[in-house]
Amino acid sequence: MARSGSLASSPIADSLKPGGIESENHPWKIRLVEHPERFESSFFRAAKKTVHKILDEMSDTDLPYGSRPAGSEHWEMHHGGSLWVRGAGGWRMYRARVGIEWSMQFCAEPVKVDRLRQEAAELIDAFPLTLPALAGLGYEEADALLRAPVKDADSVEAWTDSLFNACVPMSHGNHQGILPKVPGEHHYPWPVKGADFVRYDDFQLWVTLPDGTHGAVCPVDRRGSGDGHVRLVHVPEGSRAAEAVAEAQEQGLMAVLPPNSSAALQAFAGQIGRGRRTAAGHLATGRARGNGRGSR
């Protein structure tokens, strides 16, 4: 995405200090090859069977990521570090310090995986209802998985495909999706993708950039400030904006687009009135607090 004159000449809020303008292309290519045959281990089958029972017991509002699949859709289980516990109020899922994706088990050092096991055991021991509840659901191997040290490739596999790593329930889009439809955790960085589950409904996190690529933006100030600038927090490597974002990161700066940029107008489209040519200013009438969306 070219940094045009509109960016350079657009007024910058007092809170934003200029750090320079970058514009450069960085093309790249990836060779596609056949995926090695993947098998479903007995550990994974047991974990999936159990987590489906857990999900059936949970209310829709307690689900960790998004709504329950409907129609022909189904849950996809992400190997993202799923630490399921049972408390007085029911089932909850916490996320491990790191999750081990299925392919990553082949480079995982047992001693480092064992640290994840120890951390999981410490958390689950704090919820004494968990292991009896899991045994009641038929997942009797839970205690052995938490207590047995991870020492070799077999035990790495057992932990990787266990309930305590392999069962983060997600829709297909949130799991493996690609923009422009929906971004998935496998293809977009979690610090950015995670905002999908906490952002205001009327803020568009993912936008189309002028070169046709898709990026993620966030506001530069809190709701109510009236500042319509947006910060580019993620762009694909092939984007014309990639070098500018990388340079900003290197220098500890922000890559910021002005309120009249197409990215800002897309991001704040749900908050500004139709026909507005800038995202700066007050929230449009009828979009104040009370309907789940605060004023900006």
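One can find the structure itself at the top, above this paragraph.
Just so we're clear, the structure is a prediction, and the values are computed from it rather than from any experiment. (Residues numbered from 1 in each chain as written. Predicted model: local features only at pLDDT ≥ 70, side-chain atom pairs only at ≥ 80, totals over all residues. Heavy atoms only, no water.)

(A) Expanded view of helix α2 (residues 42–57). With 16 residues, α2 extends 23 Å from end C-alpha to end C-alpha; this agrees with the ideal 22 Å at 1.5 Å per step. Those residues of α2 that sit buried are Phe44, Ala46, Ala47, Thr50, Val51, Ile54 and Leu55. All buried residues of α2 fall inside an arc of 165° around its axis, so they share one side. Of the exposed residues in α2, those oriented more than 90 degrees away from the buried face are Lys49 and Asp56. The inward-facing, buried residues of α2 abut β1 (76–78), β2 (82–87), β3 (90–95), α4 (130–136) and β4 (168–170). (Helix = DSSP H or I, 4+ residues; strand = E, 2+ residues; numbered from the N terminus. Expected span 1.5 Å × (residues − 1). Buried < 20%, exposed > 50% of the residue type's maximum accessible area, 1.4 Å probe, protein only. Arc of directions from axis to C-beta. Contact = heavy atoms within 4.5 Å.)

(B) Here's a closer look at the packing of aromatic side chains. Going through the model one piece at a time under the given rule, you end up with 9 aromatic pairs. Ring centres of tyrosine 188 and tryptophan 206 lie 5.1 Å apart, and the angle between their planes is 65°; on these two criteria the pair is classed as edge-to-face. You can see tyrosine 188 sitting in the loop between α7 (172–176) and α8 (190–193) and its partner tryptophan 206 sitting in strand β5 (residues 206–208), a full 18 residues away along the chain. Pairwise contacts between aromatic rings join Tyr65, Trp190 and Phe197 into one cluster. Over the ring of tryptophan 190 we find arginine 95; its NZ or CZ atom is 4.7 Å from the centre of that ring. We note arginine 223 situated over the ring of tyrosine 200; from NZ or CZ to the ring centre the distance is 3.4 Å. (Phe/Tyr/Trp six-rings, centres within 6.5 Å; stacked < 30°, edge-to-face > 60°. Lys NZ or Arg CZ within 6 Å of the ring centre and 35° of its normal.)

(C) A look at the pairing of strand β6 (residues 214–219). Pairing analysis gives 3 bridges linking β5 to β6, with the strands arranged antiparallel. Bridge pairing in β6 places tryptophan 206 opposite alanine 216. A loop of 5 residues connects β5 with β6, the two strands running antiparallel in sequence, and glycine 212 in this loop sits at a positive phi of about 90°. Pairing of β6 with strand β7 (residues 230–234), which is carried by 4 bridges, proceeds in the antiparallel orientation. Directly across from cysteine 218, in β7, lies its bridge partner arginine 231. (Pairing = 2+ DSSP bridges.)

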